[in-house]
Amino acid sequence: MSRPFTVLVSSAGRRVELLRGFRAALGATGLDGRVLAADRSWYSSAFHEADEGLLVPSCDDDAFVPAVLDLCDKYAVDLIVPTIDTELAAYAAARERFAAAGVTVAVSGPEAVAIAADKVRTHAWLVEHGLPTVRQAGIDEVQGWPFPLVVKPRFGSAGIGVAVVRDAAELDVAARGGEVVVQEVAPGHEHTIDVLVDRAGRCVSAVPRRRLEVRAGEVSKAVTVRSAALEDVAARVGEGLPGAYGPLTVQVFAGEDGGLAVIEVNARFGGGFPLAREAGADHPRWLVEEVAGLPSTADRGAWRAGLVMLRYDAAVFVDEGERE
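So, a few notes on the structure that sits alongside this text. (Residues numbered from 1 in each chain as written. Predicted model: local features only at pLDDT ≥ 70, side-chain atom pairs only at ≥ 80, totals over all residues. Heavy atoms only, no water.)

Here we look at the side chain of threonine 104
Point 1. Its location among the elements puts threonine 104 in strand S5 (residues 104–105).
Point 2. The residues contacting threonine 104, other than those within four sequence positions of it, are Asp78, Leu79, Ile80, Arg199, Tyr245 and Val291. (Helix = DSSP H or I, 4+ residues; strand = E, 2+ residues; numbered from the N terminus. Contact = heavy atoms within 4.5 Å.)

Have a look at this one:
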């Protein structure tokens, strides 16, 4: 390319490791490039880790997409990487506008995003396509179900509002938290599978990582696990969702008897994705190669099992006087 290949990490927040992954991807491909970070707040660690931090309106503001399009024009952005659930619908609806400006957005189409965002639609889609899952119903439809049960916001994310209830009184309290769904407790260990889907709708990578510890809704300790069954079910989700493209995470419980239960799908990079990348599944590089028109080095089996991630807090220090 005659100009730098430019990646924009959107709603960058604390996604420093993801940003560094894309910077490393540019180096690995030999591209002259840069990684920008867009956020509504100057107080974002990734904002200051980027080659340049850019302020934008909140993603639920009508001015958000026009503002990002303006930045794409100004900075010649090639690839946008959304990172939070609340911005996915806006990007999915505007994919063609960005494409017309020469920008690829690593986001699935509107239907896939809508299915992933709504736990009622997720469950219905899983059942319709014969994928293993747990029993789920509305709060008024679970009389007689054995406790404990899991109550989740219908449109929630990041584990916010999720509760395990052990009796009718706790269920009644959980029901007051707005529109919720109720699920049976899935047996076994919870896994998050980092999936990458290419432009042809093919799953080019699926890396299961077993959750060892979760803090504030995000995995803090995990280990990669080689499992043909988990990889296959995640690939079926990725290739079956209408208009799926780019990163997905599929949450699956695996029982000791080999049974699986898909409980959630997210149409974005997961917070624990750096583990999959460190294990060898270089999704940022493979995305960059595809968008830049380079030969793909994607290898579905090119990652190692048994790699443990132990996350910790780090800090970025900046002078507040640098704020404009």
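Resuming the write-up.
Points about the pattern of salt bridges
Point 1. Enumeration according to the criterion identifies 19 salt bridges in this entry.
Point 2. Among the ionic pairs, glutamate 17 bridges to arginine 20, the shortest N-O distance being 3.0 Å. Taken together, the residues span about one helical turn, with glutamate 17 and arginine 20 both in helix H1 (residues 16–29) at a distance of three residues.
Point 3. With a relative accessible area of 45%, glutamate 17 lands in the partly exposed category.
Point 4. The closest approach of N and O atoms between arginine 135 and glutamate 184, which form a salt bridge, is 2.9 Å. With arginine 135 in the loop between helix H7 (119–128) and strand S6 (136–137) and glutamate 184 in strand S9 (residues 180–184), this pair connects stretches of sequence that are 49 residues apart. (Salt bridge = Lys/Arg side-chain N within 4 Å of Asp/Glu carboxyl O. Buried < 20%, exposed > 50% of the residue type's maximum accessible area, 1.4 Å probe, protein only.)

Re the pairing of S9
Point 1. Of all the five residues making up S9, four are buried; the element is thus mostly covered by neighbouring parts of the structure.
Point 2. Two elements, strand S7 (residues 149–153) and S9, share five bridges in a ladder whose sense is antiparallel. Looking at the pairing, valine 150 lines up with glutamine 183 of S9. (Pairing = 2+ DSSP bridges.)

Things to note about the environment of alanine 99
Point 1. Looking at the secondary structure, you find alanine 99 in helix H5 (residues 95–100).
Point 2. What makes alanine 99 partly exposed here is its relative accessible area of 43%.
Point 3. In this structure, the C-alpha to C-alpha distance between alanine 99 and aspartate 78, residues 21 residues apart in sequence, is 9.6 Å.

Some details on the side chain of histidine 283
Point 1. Here histidine 283 lies in helix H11 (residues 283–292).
Point 2. A distance of 2.8 Å separates the side chain of histidine 283 from the side chain of serine 205, its partner in a polar contact.
Point 3. The residues contacting histidine 283, other than those within four sequence positions of it, are Asp194, Val195, Leu196, Ser205, Phe269 and Phe273. (Polar contact = N/O pair within 3.5 Å; in protein donor to acceptor, adjacent residues only side chain to side chain.)

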